[in-house]
Amino acid sequence: MSERFLADRLALVTGASRGIGAAIAESLAAAGAHVVLTARTAGELEQVEERIYRGGGSATIAPLDLTESDAIAKLATAIAGRWQALDVLVLNAAMLGSLAAVPAIDGKEFGKLLTLNVLANQALIAGFDPMLRRSDRARLLAITSSVGAQPRAYWGAYGASKAALENLVLAYGEEVANISSIRTAIVDPGATRTAMRAKAFPGEDPATLKPPSAVADAVVDLLRQDFETGHRLVVR
């Protein structure tokens, strides 16, 4: 396939204002896709959009809070009104929350974490399922964490949300594999130089970590080579 193998394709990336989400969005655009960028901060989205256009790509920004009532349904309606099909959906938006022992997890914060990390992603799948089914080569990627599969002390809240996300995405993949072109995969970016990583490991030297662009390159390579539903990509 050519370097612009996603030409004439539509992609949607959540949490695209910075870090891994922004890097993936820019790489998808460089591969030819028109990328819809979502995040809460319009200013940061505009910066990503500008970098995409400077690189010869195209993008549309959609600032919104995925946890707000009807926000995802309105986004899906707006996108369906402009495009016929969605070819790539990247579920990246997430919050870390406080790292705490399971008995000490704050219920209110845990509710917010689950709303963004799990419920919003289910709503995105439901909202964009019709557009994904209309694609002749739809791909859904969910960004996870190693703690979703390998529990770690004090990471119970975040890990539980990622385990739930993985289950939802892979179950959806099994449901549609034989009746559509949709294929789902889980992407574990590993230790990456992001704001979330810095919050979780404040004493860590960021220079020792790979940049978000390395994860983006791996994601684009995965899309270029294709995969079967249930694939798990771990970026080293």
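Residues numbered from 1 in each chain as written. Predicted model: local features only at pLDDT ≥ 70, side-chain atom pairs only at ≥ 80, totals over all residues. Heavy atoms only, no water.

A. Summary view of unusual backbone geometry. Of note in the backbone geometry, D8 takes a positive phi value of approximately 70° without being a glycine. With respect to the secondary-structure elements, D8 resides in the segment before β1 (10–14). The phi dihedral of Y154 falls on the positive side, at around 75°, and the residue is not glycine. Tracing the sequence through the fold places Y154 in the loop between β5 (139–143) and α5 (156–176). Taking the relative accessible area as the measure of exposure, Y154 reaches 55% and is therefore exposed. (Helix = DSSP H or I, 4+ residues; strand = E, 2+ residues; numbered from the N terminus. Buried < 20%, exposed > 50% of the residue type's maximum accessible area, 1.4 Å probe, protein only.)

B. Highlighting helix α1 (residues 19–30). For α1, which comprises 12 residues, the first-to-last C-alpha distance of 17 Å matches the rise-based estimate of 16 Å (1.5 Å per residue) to within 8%. Summarising burial for α1: nine of the 12 residues are buried, a large majority. G32 sits one or two positions beyond α1 and adopts a positive phi of about 110°. (Expected span 1.5 Å × (residues − 1).)

C. Geometry of the packing of helix α3 (residues 71–80) against helix α4 (residues 107–133). Running from amino to carboxyl end, α3 crosses α4 at an angle of 25°, the nearest separation of the two axes being 9 Å. Taken together, α3 and α4 sit at an angle that is classed as roughly parallel. Judged by the sense of rotation from one axis to the other, the crossing of α3 with α4 is right-handed. Seen from α3, the contacting residues are I72, L75, A76, I79 and A80; seen from α4, they are A120, A123, L124, G127, F128 and M131. Residues of the contact of α3 with α4, tallied by class, amount to 10 nonpolar, one polar and no charged. (Axes fitted to C-alpha atoms, helices over the stretch in contact; angles between N-to-C directions. Parallel < 35°, antiparallel > 145°, perpendicular 65-115°, else oblique. Left-handed = near helix turned anticlockwise from the far one by under 90°. Contact = heavy atoms within 4.5 Å. Nonpolar A, V, L, I, M, F, W, Y, C, P; charged D, E, K, R; others polar.)

D. Quick look at the side chain of H34. Within the secondary structure, H34 sits in strand β2 (residues 34–39). Owing to a relative accessible area of 15%, H34 belongs among the buried residues under this scheme. One polar contact links H34 to T60, side chain to side chain, over a distance of 2.7 Å. Residues within four places of H34 in sequence aside, it is in contact with R9, L10, A11, S58, A59, T60 and W83. (Polar contact = N/O pair within 3.5 Å; in protein donor to acceptor, adjacent residues only side chain to side chain.)

E. Expanded view of the layout of surface pockets. Empty space within the largest pocket amounts to approximately 1,200 Å³. Lining the largest pocket are 44 residues; nearest its centre among them are N92, A94, M95, L96 and M196. At the level of elements, α1, β2, α4, α5 and α6 (195–200) are the ones that each hand at least two residues to the lining of the largest pocket. Counting residues per element, the lining of the largest pocket draws most heavily on α6, at five residues. Residues belonging to the lining of the largest pocket are distributed by class as follows: 18 nonpolar, 15 polar and 11 charged. (1 Å grid on protein atoms, 1.4 Å probe; cavity = no way out; pocket = protein on both sides within 12 Å on 5 of 7 lines; lining within 4 Å. Points joined across faces, edges and corners; volume = space filled by probe spheres on them.)

F. Region of the structure containing the sheet that holds strand β3 (residues 58–63). Spatially, the seven strands line up as an open sheet ordered β3-β2-β1-β4-β5-β6-β7, and their pairing is parallel. The open sheet terminates on both sides in strands that have one partner only, identified here as β3 and β7 (231–234). For this sheet, the mean angle separating the axes of adjacent strands, direction not counted, is 20°. Where β5 lies against strand β6 (residues 183–188), five bridges are found, and the strand directions are parallel. From the neighbouring strand, L140 faces β6, where its bridge partner is T184. Along the sheet face, helix α2 (residues 42–54) touches β2 and β3 and points at about 175° away from the line of β3. (Pairing = 2+ DSSP bridges.)

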